[in-house]
Amino acid sequence: MSIKLFIMTHKPFTPPADPIYVPLQVGRANAPDLGFLGDDTGDSISSDNPYFCELTGMYWLWKNYHSSDYIGICHYRRYLINEEGSLFTEFQLEKLFREYDMITTKLLTLTCSYYQGFGENHHRKDLILTGKVLKEKYPEYTDTFDTLVHGPHTYFGNILITSKKEYDRYCAWLFDILFEVQKHTDFTGYNDYEKRLFGFLSEFLQTVWICYHKLHVCECKVGMIGEKYETNKLKKQLAGFFEKRDYTSAGTFFLECYQKRPDVLMEASDITGELRLCMQIISTSSFEDELYHQCILDNLRDYNSLIRHFHSLNTVICRFLSDTYTKDDISFLKQSKHITPAAIDISVKMFCKDTEKQKQATEQICAYL
């Protein structure tokens, strides 16, 4: 049994040393060559990468790669990991495939239906169109699609490992649907995030494929190696604004980035939660300046120090809200020179939705300043 796991990337990175992991540059037709294997040779849709994301690499492998029995897809910073939290070895995968048809991510359970969730971040008409195309081309999948689209579950990331035979069957079905949807989709007015439509649709279609065929799936955790390139770049920009005490420009810049890439605040992107803390820093500075004509950035501008301070503040606030606060928490409030009632009010509102409890908690905590 031979296995190759292809790492989809559009950024420079250092790949794992294990030779079963092979970097594959996606969208190379539109970008500088990173020195890896590319998706722009032979039968290719590389130039459509802004719309298909990692699927341009998946398509290339379907059409052009035939050298291993099993094939896998991961990302330059997302990998399926074993129970010990490490990357899979070839030996471990061989053992799993004695029992399973496919290895993929843990099934997500959303707080709403997939249909509702998709509509909150994308254009719902595109999901509706996908359902229509699937029913016209593959009517036998209709019941499975309808059940799942109104349910709370989906796989994510287009991260999977399976036999090349199963992979090819899946890709033939998947791209037949997506190419038909593409013919009837008008991207006028879509931002860069929304244009990545087919990458998002395919995550759900993978769920449909697995459920319809009743595949025996091994669901694994996804290990995050490093931050998303865009996330790290955004943090550096915000740090520069904080250093200059320019919270207004920081807020404007963040909103511009968020409008283009609303996924930056998702856990898979903001794995440390620092961007959420940056939003809190911006809001707190603005309210403090309005109320007191000075703000935390007058005394604390170093990015890492700001992140540590607000993380500590939120931890203390959460313990007060759950009535588990300690003497150390009270000491933190009394001894800190950077905490204001405005900062406490914002933090309380982040973690408590009950307006009456917000008021009581804020008064209780502010008494220790």
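The preceding data block contains the structure.
Even after reading the chapter, I still don't get the overall build of the chain, so can you show me in this structure?
Of the regular secondary structure elements, the chain holds 16 helices and 10 strands. Seen through its C-alpha atoms, the chain measures out along the principal axes to roughly 65 × 45 × 45 Å. By the burial criterion, 51% of the 369 residues in the chain qualify as buried. Intrachain contacts of the chain at a sequence separation of at least 6 include 70% that bridge at least 24 residues. Counting every atom, the chain has about 17,900 Å² of accessible surface; 51% of that belongs to carbon and sulfur.

Any chance you could explain unusual backbone geometry here in plain terms?
Apart from glycine, the bulk of residues carry a negative phi angle, and the bulk of peptide bonds sit in the trans form. Non-glycine residue His293 carries a positive phi angle of around 60°. Counting through the fold element by element, His293 comes out in the loop between helix H12 (274–292) and helix H13 (303–321). A relative accessible area of 69% places His293 in the exposed class. Backbone geometry at Asp323 places phi at a positive 60°, although glycine is not the residue there. Of note, Asp323 is situated in the loop between H13 and helix H14 (327–335). Exposure remark for Asp323: the relative accessible area of 59% places this residue in the exposed category.

Even after reading the chapter, I still don't get the packing of aromatic side chains, so can you show me in this structure?
Think of a pair of aromatic rings as described by two things: how far the centres are apart, and how the planes are tilted against each other in angle. Taken as a whole and judged by the stated rule, the model has 31 aromatic pairs. Centre to centre, the rings of Tyr70 and Phe97 are 4.4 Å apart; their planes meet at 35°, and the pair counts as tilted. In this pair, Tyr70 is assigned in strand S4 (residues 70–75) and Phe97 in the loop between helix H3 (90–96) and strand S6 (102–105), connecting sequence segments 27 residues apart. Residue class for Tyr70 comes out buried when judged on its relative accessible area of 16%. On the basis of relative accessible area, Phe97 is assigned to the buried category, the value being 7%. Joined through ring pairs, the aromatic side chains of Tyr51, Phe52, Tyr59, Trp62, Phe175, Phe179, Phe187, Tyr190 and Phe198 make up one cluster.

Quick question: what am I supposed to make of the environment of Thr324 here?
Within the secondary structure layout, Thr324 lies in the loop between H13 and H14. Owing to a relative accessible area of 44%, Thr324 belongs among the partly exposed residues under this scheme. Residues Thr324 and Arg28, 296 residues apart in the sequence, show an inter-C-alpha distance of 53 Å. For Thr324, the side chain forms a polar contact with the side chain of Ser322, separated by 2.8 Å.

Looking at this structure, how should I read the nonpolar core?
Looking at soluble globular proteins, one finds that nonpolar side chains tend to be buried together. Counting residues in hydrophobic clusters, the biggest one holds 50 residues, and the most contacted among them are Met58, Leu61, Tyr167, Trp173, Phe175 and Phe198. In terms of residue count, the dominant contributor to this core is helix H7 (residues 164–183) (9 residues). With residues up to four places along the chain from it excluded, the contact list for Tyr167 reads Met58, Leu61, Trp62, Ile71, Ile73, Leu160 and Thr162. Counting 36 residues, the second largest nonpolar core, distinct from the first, contains Leu238, Leu277, Phe320 and Ile339.

What should I look at first to understand helix H15 (residues 341–351) in this one?
Given 3.6 residues to a turn, an α-helix orients residues that are three or four positions apart in the same direction. Here H15 has its buried residues at Ala342, Ala343, Ile344, Ile346, Ser347 and Val348. For H15, the elements touching its buried residues are H12, H13 and helix H16 (355–366).

For this particular structure, what's the right way to read the pairing of S4?
Working note: regular strand, side chains alternate between the two faces of the sheet. Taking burial as the measure, the 6 residues of S4 include 6 buried ones, the bulk of the element. Every second residue of S4 is oriented toward a common face, with Tyr70, Gly72 and Cys74 on one face and Ile71, Ile73 and His75 on the other, all of them buried. Across 6 bridges, strand S1 (residues 3–9) lies against S4 in parallel orientation. Within the sheet, the bridge partner assigned to Lys4 lies in S4 and is Ile71.

Which parts of the structure should I look at to understand the side chain of Thr207?
Note on placement: Thr207 falls in helix H9 (residues 197–213). Residue Thr207 is classed as buried on the basis of its relative accessible area of 1%. What Thr207 contacts, discounting residues up to four positions off in sequence, is Leu107, Leu148, His153, Thr154 and Tyr155.

What's the story with the packing of H12 against H13 in this structure? I'm lost.
Between two packed helices, both the angle of their axes relative to each other and the distance between the axes serve to describe the pair. It is the contact of H12 with H13, at a shortest axis distance of 10 Å, that shows an interaxial angle of 90°. As far as their axial angle goes, H13 and H12 are roughly perpendicular. Where H12 approaches H13, its residues Glu274, Leu277, Cys278, Gln280, Ile281 and Thr284 are matched on the opposing element by Tyr303, Leu306, Ile307, Phe310, His311, Leu313 and Asn314. Its residues assigned to classes, the contact of H12 with H13 shows 8 nonpolar, 4 polar and 1 charged.

The rules behind the values
Residues numbered from 1 in each chain as written. Predicted model: local features only at pLDDT ≥ 70, side-chain atom pairs only at ≥ 80, totals over all residues. Heavy atoms only, no water. Helix = DSSP H or I, 4+ residues; strand = E, 2+ residues; numbered from the N terminus. Buried < 20%, exposed > 50% of the residue type's maximum accessible area, 1.4 Å probe, protein only. Contact = heavy atoms within 4.5 Å. Areas by Shrake-Rupley, 256 points an atom, 1.4 Å probe, with all protein chains shown as cover. Phe/Tyr/Trp six-rings, centres within 6.5 Å; stacked < 30°, edge-to-face > 60°. Polar contact = N/O pair within 3.5 Å; in protein donor to acceptor, adjacent residues only side chain to side chain. Core = buried A, V, L, I, M, F, W, Y, C linked by side-chain atoms within 4.5 Å. Pairing = 2+ DSSP bridges. Axes fitted to C-alpha atoms, helices over the stretch in contact; angles between N-to-C directions. Parallel < 35°, antiparallel > 145°, perpendicular 65-115°, else oblique. Nonpolar A, V, L, I, M, F, W, Y, C, P; charged D, E, K, R; others polar.

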